[in-house]
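Here's the letter readout for the chains.
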Amino acid sequence: MNRIVILGAGYAGMAATVSLAARTARRDDVHITVVNADDRFTERLRLHQTASGQQLADLRIRHLLDGTGVEFVRGWVTGVDADARTVRIDDGRSLEYDRLVYALGAVADTAAVPGVDDHAYTLNSAYDAELLARRLADLGTGTLAVCGGGLTGVEAAAEIAERYPDLDVMLVGRQEPGSTMGPKAKAYVRGALARLGVRVLSGVEIAKVRPEAVDLAGGDSVPADVVLWTSGVRVSPLAAAAGLRVDERGRIVTDHALRSVSHPQVYAIGDAAAIRQRYGTMHGTCQSGMPTGVHAALSIARELTGRRPGRFRFGYLHAPVSLGRRDAVVQFTRPDDSPGRLCLTGRAAVWYKETVSSSPWPSFARLKTFPSAGSFAWRRGGRYTR
Ligand SMILES: Cc1cc2nc3c(=O)[nH]c(=O)nc-3n(C[C@H](O)[C@H](O)[C@H](O)COP(=O)(O)OP(=O)(O)OC[C@H]3O[C@@H](n4cnc5c(N)ncnc54)[C@H](O)[C@@H]3O)c2cc1C
């Protein structure tokens, strides 16, 4: 029996699970187990909507896996022994594997600045976003400081400002909002935030978060009743503790086929992996995470039939950013994620963003029946990745 254990059923882990189940459906010597913290699929792309009090669809992982033969284990992974090839779950169980797919994702880095862990809310999980939603619903008026001027910070600040017009929303961070976009999209982001009444404080370094303020390097303080932290990226320490080779951020370093360079029976995908392309190390997104899952499944299916796995090539296509429910901007990109000349704004961008955000779950259902459809679903990057 080939025992394949997949850790994490997020965007990358789900894509790997359904693709692999479909590709090995005719074999009776393959057993796939997927472990996830929750029964419900977390639409991370929409957690800013959860934080502003919107109910998301109830997407049940077990239902999607019906008929695939995959064993679903709800539990928290507490350890991996990469030499003994076992995984420990918080209920005391130990799972043995021949191949492991590591897809535990990443979260905002709440350890980088003192006070964040104790006093700031995050969008790290559905539970965290619901905690913030409850706090905001009780707050009425007051100041919310959204820390981190990246795209997650922009989406959260806009969504919450639109939902709570009486709240004073501030976006605080090093980068200017939309700094990774082209001039037109960046100006559009600035205009939309101004229209929604979001105050922007950029070019600052946050030194400390206190219960009622954010302290800046240089001595100034920004009073805040609630602080939301969206800055930085942190991965689970499990991979490093398991002795897998990791990069400076703790992500598993992979080879061209997405296998760990130190333990080739371990595939690493999604935000938890440090994947090199010719243009540099990929940064975590859903648009890249799902292809890594599909590719890992294809590679494992090839290995099971004695063939060599192929090289993973990926080029970015777009950065769709919501600006509340009624506005959005989409920056189209070059394969290396630098901004291209084209961008969409307004109603067309709202439609585009919604189409992208709602596509993963139906895509998983499609991959169950047509696994090869997944292989055509992303940009390979042309000369940028050759
Ligand atoms: C508010 C917000 C908006 C975003 N918007 C966009 C966007 O517009 N476009 C885009 O491309 N990206 C966006 N992202 C980033 C995107 O969500 C991530 O890149 C993507 O989720 C990565 O997929 P993944 O499968 O690697 O990890 P995840 O989707 O995070 O899945 C990891 C899974 O592992 C589980 N898990 C973690 N640790 C354990 C453990 N120890 N035991 C058991 N289970 C565990 C988690 O519960 C989760 O189900 C956004 C992120 C946020 C927070």
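Details of the structure are given in the entry above.
Analysis parameters
- Residues numbered from 1 in each chain as written.
- Predicted model: local features only at pLDDT ≥ 70, side-chain atom pairs only at ≥ 80, totals over all residues.
- Heavy atoms only, no water.
- Helix = DSSP H or I, 4+ residues; strand = E, 2+ residues; numbered from the N terminus.
- Buried < 20%, exposed > 50% of the residue type's maximum accessible area, 1.4 Å probe, protein only.
- Pairing = 2+ DSSP bridges.
- Near = heavy atom within 4 Å.
- Polar contact = N/O pair within 3.5 Å; in protein donor to acceptor, adjacent residues only side chain to side chain.
- Areas by Shrake-Rupley, 256 points an atom, 1.4 Å probe, with all protein chains shown as cover.
- Nonpolar A, V, L, I, M, F, W, Y, C, P; charged D, E, K, R; others polar.

K.L.:
Even after reading the chapter, I still don't get unusual backbone geometry, so can you show me in this structure?
P.N.:
Peptide bonds are, in most cases, trans, and in most cases residues other than glycine have a negative phi. Look at Arg85: it is not a glycine, yet its phi comes out positive at around 60 degrees. Checked against the element boundaries, Arg85 lands in the loop between β4 (77–81) and β5 (86–89). When its relative accessible area of 33% is taken as the criterion, Arg85 is described as partly exposed. Positive phi outside glycine occurs at Leu258, with the angle close to 80 degrees.

K.L.:
I tried to follow the pairing of β4 on my own but got confused; where do I start?
P.N.:
For a regular strand, side chains alternate in direction, first toward one face of the sheet and then toward the other. Across four bridges, the pairing between β4 and β5 is antiparallel. Directly across from Val77, in β5, lies its bridge partner Ile89. In this structure, the hairpin formed by β4 and β5 is closed by a connection of four residues, where Arg85 is found at a positive phi of approximately 60 degrees.

K.L.:
Please clarify how the site of the ligand should be interpreted in this entry.
P.N.:
In the neighbourhood of the ligand, 27 residues make up the surrounding shell, with Ala12, Asn36, Val77, Cys286 and Lys353 lying closest. Between the ligand and Ala12 there is a distance of 2.8 Å, counted from an oxygen atom to a backbone nitrogen or oxygen. A distance of 3.3 Å is found between an oxygen atom of the ligand and a backbone nitrogen or oxygen belonging to Gln287. Coverage of the ligand by the protein chains reaches 88% of its 1000 Å² of free accessible surface. Contributions of two or more residues to the shell around the ligand are made by α1 (11–23), α6 (151–163) and α9 (286–304). Classifying every residue of the shell around the ligand gives twelve nonpolar, eleven polar and four charged.

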